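Architecture and fold: a report
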Amino acid sequence: MQLLFLLKTELIREYSKFRLSLKDNKILASYLIFGVSILITSTGLYTFLYRLINLDNKIILNNNASFIIQEILPLILRSWIVLNIFKVTYTSYLARWFDSSDIDLLYCAPIQPNELFLSKYIKTFLKHVLILVIFFITINPILLYLNMSSNIFILFFITLLLFIEIIYLISISIFFILKNSTSNNKFSFKKYDILILGIFIFSYFLLLNNNYITSIEYIYMNFPSTITINIFISLIKNLVSVKLMINFIKLFLIYLLLIFLIYSLNSNYYEYVFNNLKKSEKKRYNYFIYNIPFSVFIYKINYLTLTMKDILIYIRENFIEFISYLSINYSFMLIIFQRNFYNNFKLTIHNNNSLFFLIVPFILIIVLTMNTVSIESFNSESKKIWILKSSNNPYNKIIKEKFLYGLTINLILNIPIYLLIIQLINTILNKIMMIVVIIEIILIHNVIGTLISATHSSILEKNKKLPLISNFTQLVATIMVSSTSLFLINLKPIYLYLIDIILISVLITKYDKPLLYYFINITSTIYVISIIAFLSLSLILLSSLVIRSILLSNYYLDFSSAIAYIVAILLKMAIITRVCLKSTEDAFRENENLI
Amino acid sequence: MILAIETNKLCKSYGNYLVIKNLNLRVEKGDIHALIGSNGAGKTTTLLMLSGIIKPTSGSAIVVGRDMVRQSIEAKREIGYVPENPSLYESLTVSEFFEFVGKLYSVPRDLGKSRIEKYSNLLDINSITRKFIGSLSKGEQQRVLICSIMLREPQLYLLDEPFFALDPRGARTLREILEEKAASGSTILLATHQLEVAERLCNTFTIIEKGRKLVDGTLRELQERVGRASSSLEEIYLHFSERRGNG
């Protein structure tokens, strides 16, 4: 049994990588910022739940909570499954488990394929545990608020972990089967792709629609997502019952079954998959989507060469993800308009005391975070960045075009959300206002993403842990900026906390010691956005009133107020965008590790 | 004497580590100049500074008559940089990549087309223009990159180990193209440790070691300094680098 030896080697390698990364000030700074972001989120949630919700009517919270858990959570979990299957099947996800030294050294060594594969899987499993621990630390206030006992907390943790693992194992099984079934015929790859994409989208729509589900109820009840949701509902209600335990055992058995499946699939297909990990990059050029000619993009718009190039490359390389993301957004919209769901939704958002108006921006930001276009805008260049850096284009032009690329893709991906909003809100002016607010959030999310990308791109390339960290930082920064208004109106303690952060950032910036340089640089560039948001307090207050007002059915905006709000929002957008793009330009100029 | 490159006490450091130390480099217009040194000598860092990709920590660099710190945008228009182990956009076809470079540097479309046609023929990449760059071999990618530089016809070529991935035929074609460019007044700075190639192609040389210039001049001048008229470039390089190692 060499499994233990392989696993030990993997863990030693990971630990060494972590220790080495601590020597890089930039990576160290990223870890620190990540820690601060966790603190901000946790404190924000704590204040939100204890300061605000306690003042509200508890019954409304309960209605909302059950509505979210029973109606929205299944959608989120199923969408997560579908997106993950696409991610693992159509990207080089599995190839990332192995690196060149594995392929050159271990593949030649007399090692059982399953042992090597299992050692990689266990390493990934441990990473998932770590991520989940961080997640639970972040959402700790919610768990405290729900008065969870330690036993229920542990069950909650294990259920979520099992669910995540099941998603990955299902995705990897599909990857193995798909790769093997298409290995003998290069053209079948395209056909299988389209077929499987079609089947998944079709099944997904079926799963979303309860009318279809009743006929296959038994299967439906044993779906991992259904079991997980049932467990969650029992746990949140603090109900430890036989049914809960049966569901828990079911989930665990599904997990074991999948492990067994992967084990046998790996024994049979290992050689093919492993041999093709290196070649997988070249294989993808067989896709039909590669036939889109560049000249169609580049010669139509004269001034946006870089944006056009990036959009084309994004569509070529992420076509399947692009379509799945659009489908999932679109299916959300469809399900919302199912009669019962729609009525509940309307009832919830039109309730004056509802919390819904407060969580709308958060939901939108989380939806936005599902794609990583802006945060990868510079990282996607990676070693090709020399092409841009050696060109005679001013850096501010490069930055603007990169920003426009992320913004365009995100605006397209969120078209279904605008359609949904148009359907949900009553008056034309209110509809326009809401769309302006959404665009503002998308814009802020992108501008922060571009900034983080320019600052982190070199370290993202070197260290695979950091995309998660960067993504989280982007999420927190966007929430901070977009919803500062909400915090300022309703949450006094966070007001003080924000001032603390600003003061700390400003104070740190005064110490220009070499060792602290990168920490200061990254921290101050990210948190300077908060300062600007704080300074534009009056504008933010106005834009927050907009969200609150237009979601209330009895509120009708008059024309002059609408114009005033739109001007206020546009001013806020302009200030934040300008500051962020300037910081991005500085980060791009200073970041010599890109080369 | 018109200088295409002139650096004065050029320094580059990363944290406390000094990579380039007071480098004074002079390359005349129309020269094919070799920058020679062992691995880690600072050749690539020098080229990165001269191409405006990274900024010097101190000192100055005047390239094609422009200060690389203050006028780098204007200078970059006249510089063609070929990195060691270049990475290109794998998801673009060869012809799309040429279109992109043409637009990036504002080369008129017709002029760009005629240059691409000329250099594609010379570099034998006509048959691969519709292929995706990611599906090409390293040598083919190198030829594509060289062609993309030639379509701009810059005044100064900064080439970092340009022969590394090329087959003998490709290497010979590139040598001929570079000789032709130098004859027409362009300047070439070649960073390499392939000393035979440098000796055959270049007319002036600078040897650097651990970020410092050891010696520079024509082959004859270097031979005189060694004291042996028949010394090869390899012998000259070993002579100076060993002397530095001993001293």
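Below you will find a few notes about this structure. Remember, it's a predicted structure, so these values are computed and weren't measured experimentally. (Residues numbered from 1 in each chain as written. Chains lettered and ligands numbered in written order. Predicted model: local features only at pLDDT ≥ 70, side-chain atom pairs only at ≥ 80, totals over all residues. Heavy atoms only, no water.)

Turning our attention to the overall build of chain B. Assigned secondary structure in chain B consists of nine helices and eleven strands. On C-alpha atoms alone, chain B measures out to a radius of gyration of 18 Å, which is about the 18 Å that the 2.2 N^0.38 rule sets for 247 residues. Along the first, second and third principal axes, the C-alpha atoms of chain B reach 55 × 40 × 35 Å. Sorting the 247 residues of chain B into buried and exposed places 57% on the buried side. (Helix = DSSP H or I, 4+ residues; strand = E, 2+ residues; numbered from the N terminus. Rg over C-alpha atoms; globule rule 2.2 N^0.38 Å. Buried < 20%, exposed > 50% of the residue type's maximum accessible area, 1.4 Å probe, protein only.)

What follows is about the side chain of Arg115(B). All names here are of chain B. Checked against the element boundaries, Arg-115 lands in helix α4 (residues 109–123). In this structure Arg-115 comes out as buried when scored by relative accessible area, which is 16%. Setting aside residues no more than four positions away along its own chain, Arg-115 makes contact with Val-107, Met-150, Leu-151, Arg-152 and Glu-153. (Contact = heavy atoms within 4.5 Å.)

Attention now goes to helix α1 (residues 3–23) of chain A. All names here are of chain A. Its 21 residues place the ends of α1 31 Å apart at the C-alpha level, agreeing with the 30 Å of an ideal helix rising 1.5 Å per residue. Those residues of α1 that fall on the buried side of the exposure criterion are Leu-3, Leu-6, Leu-7, Glu-10, Glu-14 and Ser-21. The arc enclosing the buried residues of α1, seen along the axis, measures out at 100°, which places them on a common side. When the buried face of α1 is taken as reference, the exposed residues oriented beyond 90 degrees from it are Leu-4, Phe-5, Lys-8, Tyr-15, Arg-19, Leu-20 and Lys-23. (Expected span 1.5 Å × (residues − 1). Arc of directions from axis to C-beta.)

Residue and element names in this part refer to chain A. The full count for this structure, using the stated rule, is 15 salt bridges over all chains. The shortest N-O distance in the salt bridge between Lys-120 and Glu-10 comes to 2.7 Å. In this pair, Lys-120 sits in helix α5 (residues 113–138) while Glu-10 sits in helix α1, placing the two residues 110 residues apart along the sequence. Considered together, Lys-120 and Glu-10 belong to a single accessibility category, that of buried residues. Here Lys-397 makes a salt bridge to Glu-401, at a shortest N to O gap of 3.0 Å. Residue Lys-397 and its partner Glu-401 are located together in helix α20 (residues 395–413), separated by four residues, close to a single helical turn. Overlapping salt bridges bring together Glu-10, Glu-14, Lys-120, Lys-123 and Lys-127 as one network. (Salt bridge = Lys/Arg side-chain N within 4 Å of Asp/Glu carboxyl O.)

Attention now goes to the pairing of strand β8 (residues 156–160) of chain B. Residues and elements named next belong to chain B. Counting buried residues in β8 gives five out of five residues, a clear majority hidden from the surface. Of the two faces of β8, the one holding Leu-156, Leu-158 and Asp-160 and the one holding Tyr-157 and Leu-159 are both buried throughout. Looking at chain direction, strand β7 (residues 79–82) and β8 are connected through four bridges and run parallel. Pairing of Ile-79 across the sheet is with Leu-156, part of β8. For the crossover from β8 across helix α6 (residues 168–183) to strand β9 (residues 187–192), the handedness is right-handed. (Pairing = 2+ DSSP bridges. Right-handed = clockwise from strand over helix to strand, strands pointing away.)

Okay, unusual backbone geometry next. Residue and element names in this part refer to chain B. We note that Asn-22 has phi near 45°; this positive angle belongs to a residue other than glycine. Tracing the backbone through its elements, the reader meets Asn-22 in strand β2 (residues 17–23). Since its relative accessible area comes to 43%, Asn-22 is described here as partly exposed. Phi at Val-64 is positive, roughly 40°, even though this residue is not glycine. Note on placement: Val-64 falls in the loop between β5 (58–63) and β6 (66–67).

With that settled, consider the packing of aromatic side chains. Residues and elements named next belong to chain A. Applying the stated rule across the entire model yields twelve aromatic pairs over all chains. Pairing Phe-136 with Phe-153 gives two aromatic rings, centres 5.4 Å apart and planes at 90°, and the pair type is edge-to-face. Of the two residues, Phe-136 is situated in helix α5 and Phe-153 in helix α7 (residues 150–181); the sequence distance between them amounts to 17 residues. Note on Phe-136: relative accessible area 4%, which makes it buried. In this structure Phe-153 comes out as partly exposed when scored by relative accessible area, which is 29%. By way of ring pairs, the aromatic residues Phe-135, Phe-136, Phe-153, Phe-156 and Phe-157 are connected into one cluster. Note that Lys-402 overlies the ring of Phe-378, its terminal NZ or CZ placed 5.8 Å from the centroid. (Phe/Tyr/Trp six-rings, centres within 6.5 Å; stacked < 30°, edge-to-face > 60°. Lys NZ or Arg CZ within 6 Å of the ring centre and 35° of its normal.)

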